[in-house]
Amino acid sequence: MFKVLVVFLLTALTTGCGVNIDANRYQNITPQFDPFTFFDGKVKAWGLVQNRSGEMVQRFTVKIDGTVKGDTLTLDEVFHYEVGQGVTHRVWKISAKGKSQLKGSAQDILGMATGQLAGNAMRWQYEMDLPMDDTSYTVQFDDWIWAFEDNTIINRSYIKKFGIVMAEVTIFMQKAP
């Protein structure tokens with residue numbers, strides 16, 4: 001048991017325990033990102049998942065149909081995988097808490113997701129049971145979304161277990177004209 005603990009601690013120290021991005025540094029960068037405006041309508045996304053070694057383990061596209069009713073943004077996401085497999089459908093319900101805070105839920109998300117808006121960036125954090133092979137693992141997602149222009153954003157997700165980044169997701173999204 002002692003050897004396992006030593007190996008775990010050495011791995012954590014040499015690989016880094018996570019990503020530490022300060023949202024406030026994006027406060028004055030434009031264009032301002034407003035998820036209620038960007039996702040209202042149809043959005044096309046494409047992305048990939050890389051494991052800790054940098055290998056691509058999933059490649060996918062997503063069709064997102066967003067609707068805003070009152071103070072709630074609903075994202076109906078349909079995934080198609082060219083490489084690997086994963087969730088095929090997710091529906092997010094997101095609402096604003098003041099000017100810069102968000103909260104949301106989806107059927108496969110544990111508890112409540114929380115978000116923070118700052119300039120052209122949005123941080124979105126949540127937990128989920130991630131299915132892998134014949135089991136599932138509770139992991140934390142730390143998503144960072146940056147607006148490039150009014151109709152294009154990029155999303156970098158860091159999937160963590162015990163505070164250590166186990167995989168990274170890169171998604172490009174474009175709002176339909």
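Preceding this paragraph is the structure being described.
Residues numbered from 1 in each chain as written. Predicted model: local features only at pLDDT ≥ 70, side-chain atom pairs only at ≥ 80, totals over all residues. Heavy atoms only, no water.

A. Structural detail: the sheet that holds strand S5 (residues 101-106). Reading around the barrel, the ten strands line up as S1-S2-S3-S4-S5-S6-S7-S8-S9-S10 and close back on themselves, with antiparallel pairing between neighbours. Neighbouring strand axes in the sheet, compared pairwise and without regard to direction, differ in orientation by 25° on average. Note: strand S9 (residues 152-161) against strand S10 (residues 164-175), ten bridges, orientation antiparallel. Looking across to S10, one finds that Arg-156 is bridged to Thr-170. (Pairing = 2+ DSSP bridges. Helix = DSSP H or I, 4+ residues; strand = E, 2+ residues; numbered from the N terminus. Axes fitted to C-alpha atoms, helices over the stretch in contact; angles between N-to-C directions.)

B. Spotlight on the layout of surface pockets. What the largest pocket holds in volume is close to 1,100 Å³. Taken together, 44 residues make up the lining of the largest pocket; nearest its centre are Val-49, Gln-58, Leu-130, Phe-141 and Ile-159. Of all the elements in the fold, those that place two or more residues in the lining of the largest pocket are strand S1 (41-51), strand S2 (56-69), strand S3 (72-83), strand S4 (89-97), strand S7 (121-132), strand S8 (135-149), S9 and S10. Broken down by class, the residue content of the lining of the largest pocket amounts to 31 nonpolar, seven polar and six charged. (1 Å grid on protein atoms, 1.4 Å probe; cavity = no way out; pocket = protein on both sides within 12 Å on 5 of 7 lines; lining within 4 Å. Points joined across faces, edges and corners; volume = space filled by probe spheres on them. Nonpolar A, V, L, I, M, F, W, Y, C, P; charged D, E, K, R; others polar.)

C. Summary view of the packing of aromatic side chains. By the definition in use, this model includes eleven aromatic pairs. A centroid spacing of 5.9 Å and a plane angle of 50° characterise the contact between Phe-60 and Tyr-81, whose relative ring orientation is tilted. Within this pair, whereas Phe-60 is found in strand S2, its partner Tyr-81 is found in strand S3, the two being separated by 21 residues in sequence. Residues Phe-60 and Tyr-81 agree in their burial class; the two are buried. Seen in terms of ring centroids, Trp-92 and Trp-124 are 5.4 Å apart; in terms of plane orientation they differ by 65°. Their pairing is edge-to-face. Of this pair, Trp-92 sits in strand S4 while Trp-124 sits in strand S7, placing them 32 residues apart in sequence. In this structure, Trp-92 and Trp-124 share a single accessibility class: buried. One aromatic cluster in this structure is built from Trp-92, Trp-124, Tyr-126 and Phe-141. Between the NZ or CZ atom of Lys-161 and the centre of the ring of Phe-162, over which it lies, the distance is 5.0 Å. (Phe/Tyr/Trp six-rings, centres within 6.5 Å; stacked < 30°, edge-to-face > 60°. Buried < 20%, exposed > 50% of the residue type's maximum accessible area, 1.4 Å probe, protein only. Lys NZ or Arg CZ within 6 Å of the ring centre and 35° of its normal.)

D. Inspection of unusual backbone geometry at higher detail. Cis geometry marks the peptide bond from Thr-30 to Pro-31; its omega dihedral reads 0°. Relative to the assigned elements, Pro-31 resides in the loop between helix H1 (2-15) and helix H2 (35-38). Unusually for a residue other than glycine, Asp-133 sits at a positive phi of about 55°. Relative to the helices and strands, Asp-133 resides in the loop between S7 and S8. Residue classification places Asp-133 among the exposed positions, given a relative accessible area of 82%.

E. Up close: the nonpolar core. Phe-33, Phe-39, Trp-92 and Met-173 are the most contacted members of the largest nonpolar core, which has 35 residues in total. Once residues lying within four places of it in the same chain are set aside, the contact partners of Trp-92 are Leu-73, Thr-74, Leu-75, Glu-77, Gly-104, Ser-105, Ala-106, Ile-109, Ala-113, Trp-124 and Tyr-126. The next biggest cluster of nonpolar side chains, apart from the first, holds seven residues, and it includes Tyr-26, Ile-154, Tyr-158 and Val-165. (Core = buried A, V, L, I, M, F, W, Y, C linked by side-chain atoms within 4.5 Å. Contact = heavy atoms within 4.5 Å.)

F. Seen up close, the pattern of salt bridges. Going through the model one piece at a time under the given rule, you end up with six salt bridges. Across the pair Asp-142 and Arg-123 runs a salt bridge whose closest N-O atoms are separated by 2.8 Å. Highlighted residues: Asp-142 in strand S8 and Arg-123 in strand S7, separated in sequence by 19 residues. In this structure, the salt-bridge partner of Arg-156 is Glu-168, at a minimum N-O distance of 2.3 Å. (Salt bridge = Lys/Arg side-chain N within 4 Å of Asp/Glu carboxyl O.)

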